[in-house]
Amino acid sequence: MMTLRQKALGVHLLTGTGAVFAMLAMLAAVDQDWSLMFLWLVVAFFVDGIDGPLARKYDVKTNAPEFDGVLLDLIIDYLTYVFVPAYALFKSGLLPGWTGWLAIIIITFASGLYFADTRMKTKDYSFSGFPGCWNMVVLVLFALQPNFYVSLLLVAVLAAAMFFPVKFVHPVRTERWRLITLPMALAWTAFAGWAAWVDFDPASWAHYGLMVTSVYLLGAGAAQQAFYGKDG
């Protein structure tokens with residue numbers, strides 16, 4: 001039988017695996033094996049979704065305080081949510097020439113500032129501003145292959161939205177609409193994994209699922225603000 005301290009340490013170890021998945025994703029990206037890269041990022045995304053509830057369940061701040069789980073999570077999130085996806089966007093040719101350079105400068109710089117912003121979370125544990133989930137954005141761009149000006153516009157708008165007072169729901173921690181949001185996030189993860197598994201085949205039904213779930217996850221927080229106010 002594991003002690004509470006051992007369980008708390010185990011949560012830190014689980015969080016730490018995200019760094020390994022980030023490296024595996026980066027190695028695949030260097031080889032331009034985009035499907036494998038995104039599969040590793042989806043695995044990292046899944047781990048990131050479950051380690052937070054486990055950390056709160058086993059109270060890691062009290063039972064394993066020698067490791068800062070929040071800092072560890074932010075380091076890994078920057079790698080898997082920002083750095084690797086930005087590299088993939090640049091090297092894939094989805095944003096050619098100057099557009100690719102502009103995109104990776106905007107993404108990495110703005111995300112670095114956002115991840116250090118102490119106003120990141122709202123009272124209901126939503127995110128204030130777009131939470132830098134570039135892994136999700138870039139995966140959808142790989143799947144849908146829009147015109148590069150559309151992709152550049154999307155990058156610019158979302159980067160700016162990181163610093164707008166617009167809410168974006170946290171699938172686990174935002175209580176309002178969680179019965180819808182959490183299944184949507186799980187469905188997005190499944191659709192993303194399947195899209196990567198079939199090498200982003202344009203005929204895959206997963207692309208439609210990605211569009212529907214992405215629109216909900218991007219817009220749910222703003223909808224809540226519209227209905228209940230910025231503090232609702």
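Look a little higher up for the structure.
Let me begin by describing the structure that accompanies this report. Model, not experiment: these values are computed from the prediction.

**Some words on the pattern of salt bridges**
Okay, so step 1: For the structure shown, the criterion picks out three salt bridges.
Okay, so step 2: With its nearest N and O atoms 3.0 Å apart, the salt bridge here joins Arg-119 to Asp-117.
Okay, so step 3: For Arg-119, a relative accessible area of 61% gives the class exposed.
Okay, so step 4: Where Lys-167 meets Asp-124, a salt bridge forms, and the shortest distance between an N and an O atom there is 2.8 Å. Residue Lys-167 is located in strand E2 (residues 167-168), and its partner Asp-124 is located in the loop between helix H5 (98-115) and strand E1 (127-128); the two are separated by 43 residues in the primary sequence.

**Topic: the nonpolar core**
Okay, so step 1: In this structure, Met-37, Phe-38, Leu-89, Phe-130, Trp-134 and Trp-188 are the most contacted members of the largest nonpolar core, which totals 57 residues.
Okay, so step 2: Of all elements in the fold, only helix H1 (4-30), helix H2 (34-57), helix H4 (69-92), H5, helix H6 (134-144), helix H7 (148-161), helix H8 (178-197) and helix H9 (206-228) reach the threshold of two or more residues within this core.
Okay, so step 3: With nine residues, the single largest contributor to this core is H6.
Okay, so step 4: Here Phe-130 is in contact with Tyr-114, Val-137, Leu-158, Ala-161, Met-162, Phe-168 and Leu-218, once residues within four sequence places are set aside.
Okay, so step 5: Core analysis: the next-biggest nonpolar cluster, separate from the first, contains six residues, Ala-8, Tyr-58, Val-60 and Ala-64 among them.

**Regarding the environment of Ala-192**
Okay, so step 1: If you trace the backbone, Ala-192 turns up in helix H8.
Okay, so step 2: On the accessibility criterion, Ala-192 (0% relative accessible area) is buried.
Okay, so step 3: Separated by 14 residues in sequence, Ala-192 and Ala-206 have C-alpha atoms that sit 7.2 Å apart.
Okay, so step 4: Those residues in contact with Ala-192 that sit more than four places away from it in its chain are Val-42, Leu-139 and Leu-210.

**As for a nonpolar patch on the surface**
Okay, so step 1: There is a patch of nonpolar side chains on the surface, built from Leu-144, Trp-194, Trp-197, Trp-205, Tyr-208 and Met-211 and spanning about 720 Å² of accessible area.
Okay, so step 2: Secondary structure elements with two or more residues in the nonpolar patch: H8 and H9.
Okay, so step 3: Inspection of the secondary structure puts Trp-205 in the loop between H8 and H9.

**A short note on the packing of H1 against H4**
Okay, so step 1: At a minimum axis separation of 9 Å, H1 and H4 run at an interaxial angle of 15°. Between H1 and H4, the angle is such that the two are roughly parallel. The way H1 lies across H4 gives a crossing that is left-handed. Together, His-12, Thr-15, Gly-16, Gly-18, Ala-19, Ala-22, Ala-25, Met-26, Ala-29 and Val-30 of H1 and Gly-69, Leu-72, Asp-73, Ile-76, Leu-79, Thr-80, Phe-83, Val-84 and Tyr-87 of H4 make up the contact between the two elements.
Okay, so step 2: Grouping the constituent residues of the contact of H1 with H4 by class yields twelve nonpolar, six polar and one charged.

About the criteria used
- Residues numbered from 1 in each chain as written.
- Predicted model: local features only at pLDDT ≥ 70, side-chain atom pairs only at ≥ 80, totals over all residues.
- Heavy atoms only, no water.
- Salt bridge = Lys/Arg side-chain N within 4 Å of Asp/Glu carboxyl O.
- Buried < 20%, exposed > 50% of the residue type's maximum accessible area, 1.4 Å probe, protein only.
- Helix = DSSP H or I, 4+ residues; strand = E, 2+ residues; numbered from the N terminus.
- Core = buried A, V, L, I, M, F, W, Y, C linked by side-chain atoms within 4.5 Å.
- Contact = heavy atoms within 4.5 Å.
- Patch = residues over 30% accessible without salt bridge, like charges linked within 9 Å, V, L, I, M, F, W, Y side chains within 5 Å.
- Areas by Shrake-Rupley, 256 points an atom, 1.4 Å probe, with all protein chains shown as cover.
- Axes fitted to C-alpha atoms, helices over the stretch in contact; angles between N-to-C directions.
- Parallel < 35°, antiparallel > 145°, perpendicular 65-115°, else oblique.
- Left-handed = near helix turned anticlockwise from the far one by under 90°.
- Nonpolar A, V, L, I, M, F, W, Y, C, P; charged D, E, K, R; others polar.

As far as function goes, none of this settles anything; it's purely spatial.
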